[in-house]
Amino acid sequence: ACTGIENIDEAITLLEQNNWDLVAAINGVIPQENGILQSEYGVETLHGPAYGPSSHSAEASSAPSSSSAFRHVVPSRQIVERQPRMLDFRVEYRDRNVDVVLEDSSTVGDIKHILENELQIPASKMLLKGWKTGDVDDSTVLKSLHLPKNNSLYVLTPDLPPPSSSHSGALQESLNQNFMLIVTHREVQREYNLNFSGSSTIQEVKRNVYDLTSIPVRHQLWEGWPSSATDDSMTLAVSGLTFPCHRLTVGRRSSPVQTREQSEEQCTDVHMVSDSDGDDFEDATEFGVDDGEMFGVASSALRKSPMMPENAENEGDALLQFTAEFSSRYGDCHPVYFIGSLEAAFQEAFYGKARDRKLLAIYLHHDESVLTNVFCSQMLCAESIVSYLSQNFITWAWDMTKEANRARFLTMCTRHFGSVVAQTIRTQKTDQFPLFLIIMGKRSSNEVLNVIQGNTTVDELMMRLMAAMEIFSAQQQEDIKDEDEREARENVKREQDEAYRISLEADRAKREAQEREMAEQFRLEQIRKEQEEEREAIRLSLEQSLPPEPKEESTESVSKLRIRTPSGEFFERRFLASSKLQVVFDFVASKGYPWEEYKLLGTFPRRDVTQLDPNKSLLEVKLYPQETLFLEAKE
């Protein structure tokens, strides 16, 4: 009665999402202005019509003392829906690192499948190592390994030879080369000279030829590709083209119906006929002929498998089946659907750097709509739409055919976009499907820019995508500006912090140098003091050991010596002529002039007295009766 929800499963899902809080569940699915606002102490206001058992209960709800029919009731057992746990893996292989994000319900084989696409190595050749819980096989469920949030693994390929450095250098050189492709349009007999780099893919060449010849890729019939060019995703450098010039011929396939013998004969000189022949009949409905009936097969027989399993536990697995079934029905030329949960698609589209953000396109499929087949084959699989979506959008898909899947998406829609958008999708009739939702991420919420219904044309669909892109580009430029300003502020702050750190280090180094210098000066001063003290002690010792100076009236022979210092001062002393020369040296040393540092020179003749034998007497060295000597510092 409150929400118009008639499906009991959807109602129970909404209650579980809100922990069985009835008021919160109602407010989540109906517009807020018509909702029931409940405060911490009970129901405060009830806008719009009364949704109680009677008007009396609604009136009573406004009284503080009365009980409300919508008062929060804590259940005896709360049921909380388990959210899937995401695991991050950093996988190392030689000089590459690959980041893989999977739910814990995935298997080891799922990791290998992703690595097979990233590393171009067959999964059977991989040995995935680094597990902390023993050996595992491809069927091991990640949940059973009790892994942490972040994990590091590495890949070994013992059966594959190591890469050759010369080969990789030659490949890099080929990627940098430019190839001249001379393409002849068979029907109009016209040649096009096209230049492509070696890193371009064959698919890019075909799309460029589509722009020139108006022949869609899936209708192009080629001649001249080398036999090694077996995949449209292959680069020209490794495809085996003749360098620098290679000739090709392209034409339009005249008839999709070929016998086995014709097909085998044509495969001898034609390579890579793009996509399945079933796409040639995408316009057959204009003549009242269904796709399946053209070959005598009923449409229901072509759709044995549903697009998406009902009640799938893992959204990623459901999207894998959706992509595989979509390719089997409409060919390989279709949008690249994001494999993962809707939350993961949000993360990929909205929460990277501003320059890397994209719009999110949600495709809602419905098998029972009469518009689905035409929309998918003619609009969604058109070359221009596929190319534009791949460049500017993250595309996520969901199948609304099964009621359980429909209820599950409406729950997700309510949680992420609000009740108004969920109500809009809920009221869409089956014949209005499929729907294409254009979502733009904003700072506070996600905004639905456009809801495109299935009854449209390629040109109108492209125009609406481009209009949404213009709005997004304007917002993106503002986000880029804000992000650049924020990064500039952070860079300035980092530079200031670095300059401050360098300044602190310089101050600390200067302070330490000063402390070392002071310590060295102190040490030298201590040494100098110790040396002075030692010299003073020696001087005093020598002074005390000198024999007494003889008196002038002594009866013994006395020698009078006059000694001049380097500073010009003189000092005199009398010595016994029989005294040894060493006594004179000790006397001079007691005055602060040790004979190890100074030499004692005579005048006439000039001679170095310190070179004489110190044990000889003054009389023997002819320093009698008197002599003037000079002190001179030794070099």
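No experiment lies behind these values; they were computed from the predicted model shown. Think of each chain on its own: its residues are numbered from 1, step by step along the sequence as written. At least 70 in pLDDT is required for a residue's local features to be given in this predicted model, at least 80 for side-chain atom pairs to be given and counted, and no such filter applies to totals for whole chains, interfaces and linings, which use all residues. Here the side-chain values reflect all heavy atoms present in the structure, with hydrogen atoms and water set aside.

## Re the packing of aromatic side chains
Under the pairing criterion, centres of Phe, Tyr and Trp rings, with the six-membered ring standing for Trp, must be within 6.5 Å; the plane angle then separates stacked pairs below 30 degrees from edge-to-face pairs above 60, leaving the rest tilted. In total, this model carries 21 aromatic pairs according to the counting rule given. With a centroid separation of 5.8 Å and 80 degrees between ring planes, the pair formed by F346 and F417 is classed as edge-to-face. Taken together, the residues F346 in helix 10 (residues 342–350) and F417 in helix 13 (residues 403–417) connect sequence positions 71 residues apart. Note on F417: relative accessible area 11%, which makes it buried. Labels follow the DSSP assignment, with helices taken as runs of H or I lasting at least four residues and strands as runs of E lasting at least two, numbered in each case from the N terminus. To sort residues, take the accessible area from a 1.4 Å probe on protein chains only and compare it with the maximum for the residue type: under 20% means buried, over 50% means exposed, and anything in between is partly exposed.

## Some points on the pattern of salt bridges
Where charged atoms from two side chains of opposite charge come close, those side chains can pair. We define a salt bridge as a contact between a side-chain nitrogen of Lys or Arg and a carboxyl oxygen of Asp or Glu at a distance within 4 Å. Going through the model one piece at a time under the given rule, you end up with 30 salt bridges. A salt bridge links E223 to R186, with the shortest nitrogen-to-oxygen separation between them at 3.5 Å. Here the residue E223 occupies a position in strand 9 (residues 220–223), and R186 occupies one in the loop between strand 7 (178–185) and strand 8 (190–197), the gap between them amounting to 37 residues. Residue classification places R186 among the partly exposed residues on the basis of a relative accessible area of 27%. What you see here is one network of salt bridges that share partners, running through E325, R329 and D367.

## Here's the deal with the side chain of S369
Looking at the secondary structure, you find S369 in the loop between strand 11 (359–365) and helix 11 (372–380). Given the relative accessible area of 6%, S369 is considered buried. Separated by 3.2 Å, the side chain of S369 and the backbone nitrogen of L371 make a polar contact. Residues contacting S369, with those up to four places away along its chain left out, are T430, D431, F433 and P434. Identification of polar contacts relies on pairs of N or O atoms within 3.5 Å, with a donor-acceptor requirement for protein atoms, meaning one able to donate a hydrogen and the other able to accept it, and with residues adjacent in sequence counted only if both atoms are side-chain atoms. Pairs of residues are marked as contacts when any of their non-hydrogen atoms sit within 4.5 Å.

## Side note on the sheet that holds strand 4 (residues 96–103)
Judged by pairing direction, the sheet is mixed, and its four strands sit side by side in the order 4-3-6-5 without closing on themselves. Each of the sheet's edge strands pairs with one partner strand only, and the pair in question is strand 4 and strand 5 (127–129). Direction aside, neighbouring strands of the sheet carry axes that sit 30 degrees apart on average. Sheet topology places strand 3 (residues 86–93) next to strand 6 (residues 150–156); five bridges connect them, and they run parallel. Across the sheet, E92 pairs through a bridge with Y154, a residue of strand 6. The rule for pairing is simple: two strands pair if DSSP sees at least two bridges between them. Helix axes use the C-alpha atoms of the stretch in contact, all axes being lines fitted to C-alpha atoms, and the angles between their N-to-C directions lie in the range 0 to 180 degrees.

## Considering a nonpolar patch on the surface
Residues form patches when they are more than 30% accessible in relative terms and have no salt bridge. Like charges link within 9 Å. Nonpolar side chains (Val, Leu, Ile, Met, Phe, Trp, Tyr) link within 5 Å. In this description, accessible areas are obtained by the Shrake-Rupley approach with a 1.4 Å probe, and a residue is regarded as covered only by the protein chains that are shown. On the surface, a nonpolar cluster with roughly 260 Å² of combined accessible area is contributed by I8, I12 and W20. Owing to a relative accessible area of 32%, I12 belongs among the partly exposed residues under this scheme.

## As for helix 4 (residues 108–119)
To estimate how far a helix should reach, multiply one less than its number of residues by 1.5 Å. If you check helix 4, its first and last C-alpha atoms are 16 Å apart, about what twelve residues at 1.5 Å a residue would give, namely 16 Å. Of the positions making up helix 4, those classed as buried are V108, G109, I111, K112, L115 and L119. What you see down the axis of helix 4 is that its buried residues fit within an arc of 150 degrees, all on one side. The elements touched by buried residues of helix 4 are strand 3, strand 4, strand 5 and strand 6. By construction, the arc corresponds to the directions joining the helix axis to the C-beta atoms.

## Re helix 11
Of all nine residues in helix 11, eight are buried, a share of seventy percent or more. Listed as buried for helix 11 are T372, N373, F375, C376, S377, Q378, M379 and L380. At its buried positions, helix 11 is contacted by helix 9 (315–330), strand 11, helix 12 (383–392), strand 13 (435–441) and helix 15 (458–545).

## Concerning the side chain of S327
Tracing the backbone shows S327 in helix 9. Side chain to side chain, S327 and H334 meet in a polar contact 2.8 Å long. Residues in contact with S327, not counting those within four places in the same chain, are D332 and H334.

## Description of the confidence of the model for the chain
Taken residue by residue, the chain gives an average pLDDT of 79. The fraction at 70 or more is 80%. Scored below 50 in pLDDT, residues 32–81 makes 55 contacts in the model with residues more than four places away or belonging to other chains. Below pLDDT 50 for its whole length, residues 255–303 participates in 74 contacts with residues either more than four positions away or in separate chains. Per-residue confidence from the predictor is reported as pLDDT, which spans 0 to 100.

## Looking at unusual backbone geometry
The amide bond that connects F243 to the next residue, P244, takes the cis arrangement and shows omega of 5 degrees. Mapping P244 onto the fold places it in the loop between strand 9 and strand 10 (245–252). With an omega dihedral of 0 degrees, the bond running from F433 to P434 counts as a cis peptide bond. In this structure, P434 sits in the loop between helix 14 (419–426) and strand 13. Positive phi values are uncommon outside glycine, yet H146 reaches one of about 55 degrees. Position of H146 relative to the elements: it lies in the loop between strand 5 and strand 6. Even without a glycine there, the phi angle at S214 is positive, about 65 degrees.

## Overview of the sheet that holds strand 16 (residues 570–576)
Pairing in this open sheet of five strands is mixed, and the strands run 16-15-19-17-18 from one edge to the other. Each edge of the open sheet carries a strand with a single partner, namely strand 16 and strand 18 (607–608). As judged from the five bridges shared by strand 17 (residues 598–602) and strand 19 (residues 626–633), these two strands associate in the antiparallel manner. Looking at strand 19, one finds that Y598 is bridged to A633.

## Comments concerning the environment of N314
The residue N314 is located in the loop between helix 8 (299–302) and helix 9 in this model. Separated by 211 residues in the primary sequence, N314 and E103 have C-alpha atoms spaced 8.2 Å apart. Other than its neighbours up to four places away in sequence, N314 contacts E103 and S105. In this structure the side chain of N314 is engaged in a polar contact, spanning 3.0 Å, whose partner is the side chain of S105. A polar atom in the side chain of N314 sits 2.9 Å from the backbone nitrogen of D317.

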